Each structure stands twice: as structure tokens, then as C-alpha cells.
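# Overview (structure and organization)
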Amino acid sequence: MSSALTDLFPYPIVQAPMAGGVSVPQLAAAVCEAGGLGFLAAGYKTADGMYQEIKHLRGLTSRPFGVNLFLPQPETADPAAVDVYAHQLAGEAAWYETELGDPDCGRDDGYDTKLAVLLDNPVPVVSFHFGVPSREVVDSLHRVGTFALVSATTADEARAVEQSGADAVIAQGAEAGGHQGTHRDNPETGGAGTGLLSLVAQVRETVGLPIVAAGGIMRGGQIAAVLAAGASAAQLGTAFLATPESGAHDLHKQALTNPLFVRTELTRAFSGRPARALVNRFLREHGPYAPAAYPEVHHLTSPVRKAAAKAGDAQGLALWAGQGHRMARELPAGQLVEVLAAELAAAGTALSGYATGGGAR
């Protein structure tokens, strides 16, 4: 990765921007202060809400940080399929004593307004999910001194990222928790994806951009593995989800290591886009029938998920989590960065020993 970008954070550790209230300023600040790159998630927030969080974060740390934006989504959903799904979810709304949301209450996530705020009040790094920003957008960010990073889930998507002029590509493997950052949601793929190590290798051979590897990383040894595969840094989400600074609901944090939730699955049940979550009742009952309709399904289920959280029912929540969720550690975020860095150093020492003939006999 370019020295100008890596100089922003001493350790090759990026805290993933987790939308929905998880990546709060306190979490990002703790990661930044410990030597990683902390991120705020602007997804599902208003432009003013994003700006207020940036102001809050700047009051907590003077270290560089990032802000993540969702790209506006094309209108590809079948309204009839959304109506059928809404009918199926009527029982959920009744059970939690709430109403279903309006599926047509907005699809651009305030992108243009948020971008304008970030150009008027530049931050060190902006990353993009669910697509590729235009060359004009990337150039405008560069003019105000902001680095641009873009998610990709395939080598072809990474090529599109490179063509946009972005500074680095976030290679997101299928192990990652939360939404897959596919540039176009293709229902025919069924949410299938490429594992992280294979993806990093493919991206490394396809583009010349620096790579930030994301997907199921929970330990420093795994960071060492993706660095050895060609990445310049690792992005971790689920690993930071259980920290006290995380804004995740306590039910969500507890579910990561709760033996009731034994596995994760890619599902459209909560949002209409493939996203990896712990398998709970809602996912089992509705996942097979959820249409490819983002953000319509997200808006539809939002009141139900909020009501489930209020009722203390983890079976109705979107429990986003990567495949390594059982390895979550309830450490303060800054301490977690330090532990990961120590594990990375130890893994590097072990690899060096093998390279010089000092490995196992």
C-alpha cells in the first residue's frame, strides 16, 4: 500500500464500518488510538447524523479515521415479490406489536448529500460499499486530500475499482459478516462467494492496487496469512463487535458465543441483499422466501427488528456475524488491537523461522 496511506495507521488493522449503530465514535476512536484505522459507518444515517458522529470522533482522537458510504442502488426489485414477502411478514409484525415499514421510503441512502458533507469537511479516508463510485467522485475526494477505498468480492469487481482511480480495494471474502459488497446483486448466484485467501490471490494477480483483506479474520495469525497472500492490511468487523465500545445490542454481542447460535448463513431475509448472519428463527423461517430487493426489504423489516430488540428477543434480530464469530473476545477495542498486533508479530516470527530453516523438524 502507498506509504502515504499506510502512514495513517501503524498497524495493518482496519476496523470494519458496521452500519446500524455498531461502528460508533467511541469504537473508532479506541481503534485509532491503539494504532489501527477506525471507521464510522454512514449507512442508514442522515447526512447530519453522519456529520455529528464525525465531530464527536474528532473530539475523541486526533488520529486519522475513515467513513463508509453505501452506493445508491438501481431499481431492480419486483414490486409483486416485495408485496408477497410483506404478506408473509405480517405475522412477525403482529407478534412484535408493530407495523411493517414502507419498502419505498428511499433507496439512495442520502448518498449525494453525504458526499457533499465529506467534500466540505474532508476526512482522511472514505470507503464505498455496494458498487463503485464514479471517477469524478474519486477525483473530487483526492482534491480535498481524502483516500478512497472500494469493496470488491471478485477479481472483475476489483478491476472496476482500479478503473475508478481508487487508492485501494477492499477484497471481501465470503466469510465476512454482514452484507456482501457485490457491485450488482445477481439473484442467480444465490449469494455464493469466494473465500478470502483465494480472493486475495486472484485480486493480487488482476490489479495493481493495494489490497485490504476482509472476511472472517479474528486472530493476528490470520492477519499474517492475508498479508502473506498479498494484502497490505486486514479489515476486521466481527472481532470488534463484542468490544465494550461497540454500539451493537447486548443480545447481538452475547449471541456471538452463545451455543444456541452454532453457524452463520448468507441470507436475504432481513434486507433483500445477501448478508451473513447467525442462523436464528427469523432467518430460518423467512430466508428461503426473501426476494432480491434491497433496500426495500431492509425498510420493510426495520420496525420488526427494532421491536424484537426492544422485546429482548434475539430470534427476531439481524445477528450479523462472520464465520469466525465463536472466536470473539470481549476485550476493550484498544486492547484487542494490541493483542492482534502481538499475535501478528508472533506469526511473523514463526514464518521467518521457517524461511530461514528454523521451522519444525
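For the structure itself, look to the data block above.
Everything in this summary refers to the structure shown in the same document.

About the thresholds
- Residues numbered from 1 in each chain as written.
- Predicted model: local features only at pLDDT ≥ 70, side-chain atom pairs only at ≥ 80, totals over all residues.
- Heavy atoms only, no water.
- Helix = DSSP H or I, 4+ residues; strand = E, 2+ residues; numbered from the N terminus.
- Buried < 20%, exposed > 50% of the residue type's maximum accessible area, 1.4 Å probe, protein only.
- Contact = heavy atoms within 4.5 Å.
- Areas by Shrake-Rupley, 256 points an atom, 1.4 Å probe, with all protein chains shown as cover.
- Phe/Tyr/Trp six-rings, centres within 6.5 Å; stacked < 30°, edge-to-face > 60°.
- Pairing = 2+ DSSP bridges.
- Salt bridge = Lys/Arg side-chain N within 4 Å of Asp/Glu carboxyl O.
- Polar contact = N/O pair within 3.5 Å; in protein donor to acceptor, adjacent residues only side chain to side chain.
- Right-handed = clockwise from strand over helix to strand, strands pointing away.

### What to know about the overall build of the protein
When its secondary structure is counted, the protein shows 14 helices and 11 strands. Oriented by its inertia axes, the alpha-carbon framework of the protein measures out at about 65 × 50 × 40 Å. Sorting the 361 residues of the protein into buried and exposed places 56% on the buried side. Across the protein, every contact between residues at least 6 apart in sequence was considered, and the portion connecting residues at least 24 apart equals 69%. Summing over all exposed atoms, the protein offers an accessible surface of approximately 14600 Å²; the carbon and sulfur share of this is 52%.

### Here we look at the packing of aromatic side chains
What the rule picks out here adds up to 6 aromatic pairs. With a centroid separation of 4.9 Å and 20 degrees between ring planes, the pair formed by Phe270 and Phe282 is classed as stacked. With Phe270 in the loop between strand S10 (264–267) and strand S11 (275–278) and Phe282 in helix H12 (residues 281–286), the pair connects residues that are 12 residues apart, well separated along the chain. When its relative accessible area of 1% is taken as the criterion, Phe270 is described as buried.

### Thoughts on the sheet that holds S11
Strand order in the open sheet made by the 3 strands is S7-S11-S10, with antiparallel pairing throughout. A single partner strand is all that each edge strand has here, and the edge strands are strand S7 (178–179) and S10. Across 4 bridges, S10 lies against S11 in antiparallel orientation. In the sheet register, Glu265 faces S11, and the bridge partner there is Ala277.

### A few points about the pattern of salt bridges
Scanning all chains against the criterion turns up 10 salt bridges. For the salt bridge of Asp156 with Arg159, the shortest nitrogen-to-oxygen distance reads 2.8 Å. Of this pair, Asp156 and Arg159 both sit in helix H7 (residues 155–163), 3 residues apart, which is roughly one turn of the helix. According to the relative accessible area criterion, Asp156 is exposed, its value standing at 54%. The class of Arg159 is partly exposed, set by a relative accessible area of 35%. Of the charged contacts, one joins Glu343 and Arg329 as a salt bridge, the two residues approaching to 2.7 Å between their closest N and O atoms. In this pair, Glu343 sits in helix H14 (residues 333–355) while Arg329 sits in the loop between helix H13 (296–311) and H14, placing the two residues 14 residues apart along the sequence. The exposure class assigned to Arg329 is buried, which follows from its relative accessible area of 18%.

### Overview of the side chain of His252
Among the structural elements, His252 can be located in helix H11 (residues 250–255). In terms of polar contacts, His252 uses its side chain to reach the backbone carbonyl oxygen of Trp320, at 2.7 Å. Not counting the four nearest positions on each side in its chain, His252 is found in contact with Leu241, Ala318, Leu319 and Trp320.

### Regarding the pairing of strand S2 (residues 38–41)
Of the two faces of S2, both are covered, the one formed by Gly38 and Leu40 as well as the one formed by Phe39 and Ala41. Taken together, the 4 bridges between S2 and strand S3 (residues 65–70) define a ladder with parallel strand orientation. Bridge pairing in S3 places Phe39 opposite Gly66. Of the crossover connections in this fold, the one passing from S2 over helix H3 (residues 47–60) to the parallel S3 is right-handed.

### Concerning the pairing of strand S8 (residues 211–214)
Burial along S8 is two-sided: the residues Ile211 and Ala213 and Val212 and Ala214 are all buried. Sheet topology places strand S6 (residues 168–172) next to S8; 4 bridges connect them, and they run parallel. Looking at S8, one finds that Gln172 is bridged to Ala214. Bridge count for S8 against strand S9 (residues 233–236) is 3 bridges, and the pairing is parallel. Of the residues in S9, the one forming a bridge with Ala213 is Ala234. The β-α-β motif built from S8, the intervening helix H9 (residues 220–228) and the parallel element S9 has right-handed crossover chirality.

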